[in-house]
Amino acid sequence: MTAVAHHESSFDDDPRVARLERDLVRARERLDAIRDIGAVLGSSLNLDRLLAIIVERIADAMHADRATLFLLDDTRAELWAKATHGSGDTAEIRIAVGEGIAGWVAKTGQRLNIKDAYKDVRFSSATDERTGFRTTSLLCQPIRNHRRKIIGVVQVLNKRDGYFTTEDESLLTSLAGHAAISIESSKLFLELSDNNMELVHAQNQLQLRVAEIDLLFRVEQEMNRAIGLVPFLGSLLRHATEAIPSEVGAISVVETGDTRTWVRLAGVDRALLTAPSSSDGILADTVATGVSVALSADYPPKEPSITLSTGIELRTALVVPLELDGERFGAIALANRSGPPGLAAYTPEDIKLLTLLAGRAEAAIVLDQRRREHLKADRLGAIGQALSGVLHDLKT
């Protein structure tokens, strides 16, 4: 028993055994750190959150006071990172590729392990001065993606128990590889998200254009089969108040000094209301200026022809002039756009759509004017022929 006890005691006292035990503990710590970081990095695709996780976990695994991860901005040939000041505030720092330790590593692709940073000519104290941190030892490693392209640099500062060793270099290389995979995944996710948003936007714009074309087609069909101008204008205002949700619509036409105004309530299946014309409302103003306007509730618009014929007070309004060959002869208006509080305002898209519908109204009004001119000419011609016949009979 004494011999066995002496044998066990000799193992306990053997410095080689103690060193192996320390190495085993350290190896387990490294393995746990790699596994832990790998699991944590896969938990987020938000780049800012991801970078915060990476620097925190790497600093802990490397027994360092601080870690900084710089990403490479190829377009500006700069490295950028989020740095924490002494006050605890976080700010973005940028350095040129080739500047300082991190810039040198990004430019050359070589690792640097420095015991005293201020004795190395490549070290720049600018970041220390900005952040209030004092760098002593540091280990800096390039981050490469799967194509071996440098996408950033990771550096750990001030090892707590001495200097960074070759084992630390190996560990940081492994951790940088994990970080590269997560960073590239996050960038790919952001790129796909941006592309998807652009695609959704393009799809929405396409749907709007298709809806506009469909609306114009239906308006064109009704213009071709409408019997008379007034029924067509009523149909046009119905489409307008549906396409641009509004409580009421109105059209005013000026012809040889005489103004005619029609009003239609949304959702009411009846003919146009013939409204009293006014010279001091938004319709007359638009005919005078020729400018399309969208009026908000901050400055409530006024249009007596609408208010007097319907009893509706205007909160918001959209007005577009009617013109042909530079000559204005009327205006079309919508009022009181529907929508949730704060969003019931007419938009630039509404102006574009109402302008398109105004073009159909212009065409219909001009055709009606020409039709009436032809009818008048035909009547005058018929009267002239009749008078000629009477005169002929009188002579004979």
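Residues numbered from 1 in each chain as written. Predicted model: local features only at pLDDT ≥ 70, side-chain atom pairs only at ≥ 80, totals over all residues. Heavy atoms only, no water.

1. Let's talk about the pairing of strand β5 (residues 138-144)
Here is step 1: Counting buried positions over the 7 residues of β5 gives 6, a clear majority of the element.
Here is step 2: Summarising the sheet, strand β4 (residues 112-114) and β5 pair through 3 bridges and their orientation is antiparallel. Within β5, the residue paired with Asn 113 across the bridge is Leu 139.
Here is step 3: Both β5 and strand β6 (residues 150-159) contribute to a ladder of 7 bridges, which runs antiparallel. Residue Gln 141 lies in a different strand from β6, and its bridge partner there is Val 154. (Buried < 20%, exposed > 50% of the residue type's maximum accessible area, 1.4 Å probe, protein only. Helix = DSSP H or I, 4+ residues; strand = E, 2+ residues; numbered from the N terminus. Pairing = 2+ DSSP bridges.)

2. Overview of the side chain of Asp 128
Here is step 1: Its place among the elements puts Asp 128 in helix α5 (residues 126-131).
Here is step 2: Within the buried set, Asp 128 has no salt-bridge partner at all; the shortest N-O distance to an opposite charge, 5.7 Å, is to Arg 134.
Here is step 3: The contact partners of Asp 128, leaving out residues within four places of it in the chain, are Tyr 118, Phe 123, Phe 133, Arg 134 and Thr 135. (Lys, Arg positive; Asp, Glu negative; His and termini not counted. Salt bridge = Lys/Arg side-chain N within 4 Å of Asp/Glu carboxyl O. Contact = heavy atoms within 4.5 Å.)

3. So, the packing of aromatic side chains
Here is step 1: With the rule as written, the count across this model stands at 1 aromatic pair.
Here is step 2: Above the ring of Trp 104, the side-chain terminus of Arg 122 is found at 4.6 Å from the ring centroid. (Phe/Tyr/Trp six-rings, centres within 6.5 Å; stacked < 30°, edge-to-face > 60°. Lys NZ or Arg CZ within 6 Å of the ring centre and 35° of its normal.)

4. Concerning the confidence of the model for the protein chain
Here is step 1: In the predicted model, the protein chain carries a mean pLDDT of 78, and 73% of its residues have values of at least 70.
Here is step 2: Within the model, the stretch residues 3-8 combines pLDDT values under 50 with 0 contacts to residues more than four positions away or in other chains. (pLDDT = per-residue confidence, 0-100.)

5. With respect to the environment of Ser 186
Here is step 1: Along the chain, Ser 186 falls in helix α6 (residues 166-225).
Here is step 2: Residues Ser 186 and Asp 48, spaced 138 residues apart in sequence, show a C-alpha to C-alpha distance of 9.7 Å.

6. Details of the sheet that holds strand β11 (residues 317-324)
Here is step 1: Taken in spatial order, the 6 strands make up an open sheet running β9-β8-β7-β12-β11-β10, and their pairing is antiparallel. Looking along the sheet, the strands with just one partner apiece sit at the ends: β9 (273-275) and β10 (293-295). Ignoring which end each strand starts from, the neighbouring axes of this sheet average 20° apart.
Here is step 2: By the bridge criterion, 8 bridges tie β11 to strand β12 (residues 327-337) in an arrangement that is antiparallel. Looking across to β12, one finds that Ala 317 is bridged to Ala 335. (Axes fitted to C-alpha atoms, helices over the stretch in contact; angles between N-to-C directions.)

7. Some words on the pattern of salt bridges
Here is step 1: Within this structure, the stated rule accounts for 12 salt bridges.
Here is step 2: Residues Asp 74 and Lys 149 are paired through a salt bridge, measuring 3.0 Å at the closest nitrogen-oxygen approach. Of this pair, Asp 74 sits in the loop between β1 (64-73) and β2 (78-84) while Lys 149 is found in the loop between β5 and β6, placing the two residues 75 residues apart along the sequence.
Here is step 3: Here the salt bridges share partners, and the residues they tie into one network are Asp 73, Arg 76, Glu 78 and Arg 94.

8. Some words on the side chain of Thr 286
Here is step 1: You can see Thr 286 is positioned in helix α8 (residues 282-289).
Here is step 2: When neighbours within four sequence positions are excluded, Thr 286 is seen to be in contact with Val 291, Val 293, Val 319, Val 320, Pro 321, Arg 328 and Ala 331.

9. A word on helix α7 (residues 229-243)
Here is step 1: The end-to-end C-alpha distance of α7, which contains 15 residues, comes to 21 Å, matching closely the 21 Å that a straight helix rising 1.5 Å per residue would cover.
Here is step 2: Within α7 the residues assigned to the buried category are Leu 229, Phe 232, Leu 233, Gly 234, Ser 235, Leu 236, Leu 237, His 239, Ala 240 and Thr 241. (Expected span 1.5 Å × (residues − 1).)

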